[in-house]
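This is what each chain is made of:
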Amino acid sequence: MAQTAQQTISPKTEAAIILRAKGLRKSFRMGDTRIEVLKSVDLTIRQGEFIAIEGRSGSGKSTLLHLLGALDEADSGSIEFDGRDISTLGSTARSHLRNTQFGFVFQFYHLLPELNVLENTLLGPMIEYSWLSFRSHRSELRKRAVALLVQLGLEHRLKHKPSQISGGERQRVAIARALMNSPRVLFADEPTGNLDADTGRQIMSVLERLHRESAQTIIMVTHDRSLARQADRTLILKEGKLDRPADSAAPASAATA
Amino acid sequence: MYKLHLILKYLRKRRIAWVSLIAVMLCTTMVLVVISVMGGWLRMFRQSFHGLSGDVLVEADSLAGIPHYQEMIDKIQKLPEVEAAVPTIRTFGLINIANQLRKGVQVLGLPMDQIGKVNKFPESLHRQYQKYIDEGKKPPTPSFGLVPKVPYQLLAPNDKRALERPGMVVGVGVVGIHKDKNGKWVRPDWLYENWAKLTVVQVNPESAVLDLSKSQADTYYWIVDDSSTKVYQYDSQTVYVPFDILQRDLGMDQQQATNPNTGEKVTIPARTSDIQIKVKPGFDLVAVREKVGRIVDEVRKERNIGAYYPITVETWEESQKVWLGAIENEKSLVTFLFGLISIVAIFLIFCIFYMIVVEKTRDIGIIKSVGATSGGVAAIFLGYGTAIGIVGSGLGLLMGYLIVHNINYLHTELGRQLGIVIWNPEVYAFDIIPNTMNPIEVTVILSVAIVASILGALVPAIRAARMNPVESLRWE
Ligand SMILES: Nc1ncnc2c1ncn2[C@@H]1O[C@H](COP(=O)(O)OP(=O)(O)OP(=O)(O)O)[C@@H](O)[C@H]1O
Ligand SMILES: [Mg+2]
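These figures come from a predicted structure and were not determined experimentally. (Residues numbered from 1 in each chain as written. Chains lettered and ligands numbered in written order. Predicted model: local features only at pLDDT ≥ 70, side-chain atom pairs only at ≥ 80, totals over all residues. Heavy atoms only, no water.)

Colleague: Describe the overall build of chain A, naming the residues involved and giving the relevant values.
Modeller: Counting its regular elements, chain A contains 9 helices and 10 strands. Burial statistics for chain A: of 257 residues in total, 50% are counted as buried. Residue pairs in contact within chain A that sit at least 24 positions apart in sequence constitute 72% of those at least 6 positions apart. Of the accessible surface of chain A, which amounts to about 12000 Å², a share of 48% is contributed by carbon and sulfur atoms. (Helix = DSSP H or I, 4+ residues; strand = E, 2+ residues; numbered from the N terminus. Buried < 20%, exposed > 50% of the residue type's maximum accessible area, 1.4 Å probe, protein only. Contact = heavy atoms within 4.5 Å. Areas by Shrake-Rupley, 256 points an atom, 1.4 Å probe, with all protein chains shown as cover.)

Next comes the structure, spelled out in structure tokens:
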């Protein structure tokens, strides 16, 4: 078993480093006291990797994901994306990064209630393009969005509002939206946390297939060990630091489980 | 792109957007109606008062009048700036109409054929102006000698000279002419078949020294026309009679008298109480007033006019300054109210937008997480504010227009159904509520409404733009 795991990991050790965090610190002020959520986090992620970050509730997993995805700023430490330090970028540059390089999937889907499924999927390009260039790219963007939604089994839900579809369907729309601009890194924060076990498995298999077929780099946060096992590599967030799991000598992979 | 799209979605789908739209609409309507009515009133005030007097006035400050006025008029009319100068007499009297109606009235003596050269009085006449206009005909030069509708000698068989009685024009309010609920004038049938006896009292500055026989005169007239100047003060209590007759009755015509002390024969010159002067367009009234003042002084010196004939020369604005001063005060009050209403409107929009931002906090986090910049988020709310401002003020314009143009009807209905009368003509000087809109005022009001909507959205927009995406997403 260790052998097969070694085989799947080894080609990736040669792949380019896409994200590297060093000495990340983040604390929140709560009245007079400060909660040190992340004390010193170091992390290296290679292109095409599927990473799971595991930890107890309140351990700071979401916080870490937000820092890596340029949604929030660390108190200190650095984050390199593609060899470039992104922790010092201004807010517009960070927005652009989120729009074109990163994709987010959240536990609570976070779709816009006024827009239908197709429009929600198109949100990224809507933000990226000006009104005129969106119009000129409209049909090709629409095609891509529809194709993504079809892949995710949502072909009959294009005109539905988020309130008119199920939780699993909403999460698939959120995935389609995150994939719309072909992100270099897909961040998923407990993507199955709000779903029943069956639906959760469906979502996991979507992510797994993306990783396998399109070599999508995925960083997923979860507190469910069995889900974490489906990733290439699992890291555990504990007391503000990232650790290898105790059984790191034999990381399980979905393929062999 | 997403901005436009989201704005359209929000505007159509959110009930709160309709609330703010209606708020903007109501504010715009309210301001439009108030400003149109008040502004229209102020304009009407000026127009009507100006319409009844010449541009420059020579006025006697006592009932004694202005002697040697014809000489003054001749000289004034030679001024290149002057189009015409016409004498008028103003006094008070008692009227008795066919023993049916007796009351005290203001009496104006006019040379009817000339008065149209200096002011717009002829346009107030019913039979000799308004009727022609209604029938699309050109009105004639008005006169007091209108062809009688009935053979007047039959009405007064004992008076051989019944036909020679002069004509009198009455203010509509004097004889109870009024508008019905549809706004049509209602005239008593008997109006133009009746005599009116007018009693005036002579006031002569020299009566103390000179022996002047009569001091009171009664004259019978036929009522030949009625006048609606729209100035309540005139329409409710003024009658208009021929200049010569009033002058004679008041003893203001040229008279011979004997000084009882010296036995000397003296000639008292004819007098008038005002000279109304029409100035050619484009000339400064104050400069013309100065020139007229010099002519008056000149004649006063040449003719040795005594100090007991006080005379002033004023522009029409100066002569109405009590009224116009009130107008200026009214104007500042309106401006103040307008400012207050605008602040209320801005605050209202601010509150609504603030609520929308709070309600939409998570959405803001979502679009930021997908890469919207702070500027983009601010633009959504500002665009939203602009859209609400434009649509709301547009609807406000429509509603304001409908209200203002039907305001007299609405007011009459209000009075009839609920007994509420807001517009009292005795207070506001006019019998109808102004119902016109000034395009400049409308433009200003609409612009302010749109700017106010943007301003109201500005603070919430900045707040939305500044929000940390992570905290927005955590928002419950
Ligand atoms: N904006 C904030 N202000 C104050 N405290 C915060 C803030 N954000 C996070 N925290 C605190 O930081 C800690 C970590 O929060 P975080 O959401 O990262 O945990 P998590 O590991 O994602 O938990 P869960 O599994 O429940 O999602 C928590 O104790 C939380 O209370
Ligand atoms: Mg979390």
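Colleague: Go over the packing of aromatic side chains with me, naming the residues and quoting the values.
Modeller: All names here are of chain A. What the rule picks out here adds up to 10 aromatic pairs over all chains. Residues phenylalanine 81 and phenylalanine 102 carry aromatic rings whose centres are separated by 5.0 Å and whose planes lie at 80° to one another, so their mutual orientation is edge-to-face. Here the residue phenylalanine 81 occupies a position in strand 4 (residues 76-81), and phenylalanine 102 occupies one in strand 6 (residues 102-105), the gap between them amounting to 21 residues. Residues phenylalanine 81 and phenylalanine 102 agree in their burial class; the two are buried. (Phe/Tyr/Trp six-rings, centres within 6.5 Å; stacked < 30°, edge-to-face > 60°.)

Colleague: Give me a positive patch on the surface: which residues, what numbers.
Modeller: All names here are of chain A. A contiguous patch of positive charge on the surface is contributed by Arg135, Arg138, Arg142 and Lys159. Counting through the fold element by element, lysine 159 comes out in the loop between helix 6 (131-151) and helix 7 (167-179). Classification of lysine 159 as exposed rests on a relative accessible area of 58%. (Patch = residues over 30% accessible without salt bridge, like charges linked within 9 Å, V, L, I, M, F, W, Y side chains within 5 Å. Salt bridge = Lys/Arg side-chain N within 4 Å of Asp/Glu carboxyl O. Lys, Arg positive; Asp, Glu negative; His and termini not counted. Charge placed at Lys NZ, Arg CZ, Asp CG, Glu CD.)

Colleague: I'd like a description of helix 8 (residues 197-214) of chain A, backed by residues and values.
Modeller: All names here are of chain A. Taking 1.5 Å of rise per residue, the 18 residues of helix 8 would be expected to cover 26 Å, and the 25 Å separating its terminal C-alpha atoms lies within 8% of that figure. Turning to helix 8, its buried residues are Thr199, Gly200, Ile203, Met204, Val206, Leu207, Glu208, Leu210 and His211. Two to three positions downstream of the cap, the backbone nitrogen of aspartate 198 sits 3.1 Å from a side-chain oxygen, assigning the N-cap of helix 8 to aspartate 196. Backbone geometry just after helix 8 places alanine 215 at a positive phi near 50°. (Expected span 1.5 Å × (residues − 1). Polar contact = N/O pair within 3.5 Å; in protein donor to acceptor, adjacent residues only side chain to side chain.)

Colleague: An account of the packing of helix 13 (residues 374-405) of chain B against helix 16 (residues 439-466) of chain B is requested, with residue identities and associated values reported.
Modeller: Residue and element names in this part refer to chain B. Contact geometry of helix 13 with helix 16 gives a least axis separation of 8 Å together with a crossing angle of 155°. If you check the angle between helix 13 and helix 16, you find them roughly antiparallel. In this structure, the crossing between helix 13 and helix 16 has a hand that is right-handed. Only Val442, Leu446, Ala449, Ile450, Ser453, Ile454, Ala457, Leu458, Ala461, Ala464 and Ala465 of helix 16 make contact with helix 13, whose side of the interface consists of Ser374, Val377, Ala378, Phe381, Leu382, Gly385, Thr386, Gly389, Ile390, Ser393 and Leu397. For the contact of helix 13 with helix 16, the residue count by class is 16 nonpolar, 6 polar and no charged. (Axes fitted to C-alpha atoms, helices over the stretch in contact; angles between N-to-C directions. Parallel < 35°, antiparallel > 145°, perpendicular 65-115°, else oblique. Left-handed = near helix turned anticlockwise from the far one by under 90°. Nonpolar A, V, L, I, M, F, W, Y, C, P; charged D, E, K, R; others polar.)

Colleague: How would you summarise the interface of chain B and chain A if you had to cite specific residues and measurements?
Modeller: In many reports, interface size means the accessible area that the parts give up when they come together. The interface of chain B with chain A comprises 25 residues on the first partner and 28 residues on the second. Here chain B is connected to chain A by 1 salt bridge. In this structure, glutamate 114 of chain A engages lysine 360 of chain B in a salt bridge whose closest nitrogen and oxygen atoms are separated by 2.8 Å. Those elements that provide at least two residues to the side of chain B that touches chain A are helix 1 (2-13), helix 12 (361-369) and helix 17 (469-474) of chain B. It is helix 1 of chain B that provides the largest number of residues to the side of chain B that touches chain A, a total of 7 residues. Within the side of chain B that touches chain A, the residues separate by chemical class into 12 nonpolar, 6 polar and 7 charged.

Colleague: I'd like a description of the pattern of salt bridges, backed by residues and values.
Modeller: One pass over the structure, following the stated rule, counts 23 salt bridges over all chains. One salt bridge connects glutamate 208 of chain A with arginine 212 of chain A, and the closest N-O pair in it is separated by 3.1 Å. Remark: arginine 212 of chain A and glutamate 208 of chain A occur in helix 8; sequence separation between them is 4 residues, near one turn of the helix. For arginine 212 of chain A, a relative accessible area of 53% corresponds to the exposed category. Because the salt bridges share partners, they merge into one network encompassing Glu114 of chain A together with Lys360 and Asp363 of chain B.

Colleague: Let's hear about the side chain of threonine 91 of chain B: which residues, and what values?
Modeller: All names here are of chain B. Secondary-structure assignment places threonine 91 in strand 3 (residues 82-97). Using a relative accessible area of 8% as the deciding quantity, one classes threonine 91 as buried. In this view, threonine 91 contacts Val105, Gln106, Val107, Val200, Leu246 and Leu250; residues no more than four positions away in its chain are not counted.

Colleague: So what's going on with the packing of helix 7 of chain A against helix 8 of chain A? Residues and values would help.
Modeller: Residues and elements named next belong to chain A. Two elements in contact, helix 7 and helix 8, have axes separated by 10 Å at closest approach and are oriented at 20°. As summarised for this structure, helix 7 and helix 8 are arranged roughly parallel, according to the angle between their axes. Like other packed secondary-structure pairs, helix 7 and helix 8 cross with a definite hand, here right-handed. For the pair helix 7 and helix 8, the contacting residues are Gly168, Gln171, Arg172, Ile175 and Leu179 in the first and Thr199, Gln202, Ile203, Val206, Leu207 and Leu210 in the second. Of the residues that constitute the contact of helix 7 with helix 8, the class distribution is 6 nonpolar, 4 polar and 1 charged.

Colleague: I'd love a proper account of the sheet that holds strand 6 of chain A, names of residues and values included.
Modeller: Residue and element names in this part refer to chain A. Taken in spatial order, the 6 strands make up an open sheet running 6-7-8-3-9-10, and their pairing is mixed. The sheet is open, and its two borders are formed by strand 6 and strand 10 (241-243), each paired with just one other strand. Mean inter-strand twist for the sheet, computed between neighbouring axes without regard to direction, equals 20°. Here 5 bridges tie strand 7 (residues 185-189) to strand 8 (residues 217-222), and the two strands are oriented parallel to one another. In the sheet register, alanine 188 faces strand 8, and the bridge partner there is methionine 220. Against the sheet, helix 2 (residues 61-68) contacts strand 3 (50-54), strand 6, strand 7, strand 8, strand 9 (233-238) and strand 10, and its axis sits at roughly 160° relative to strand 7. (Pairing = 2+ DSSP bridges.)

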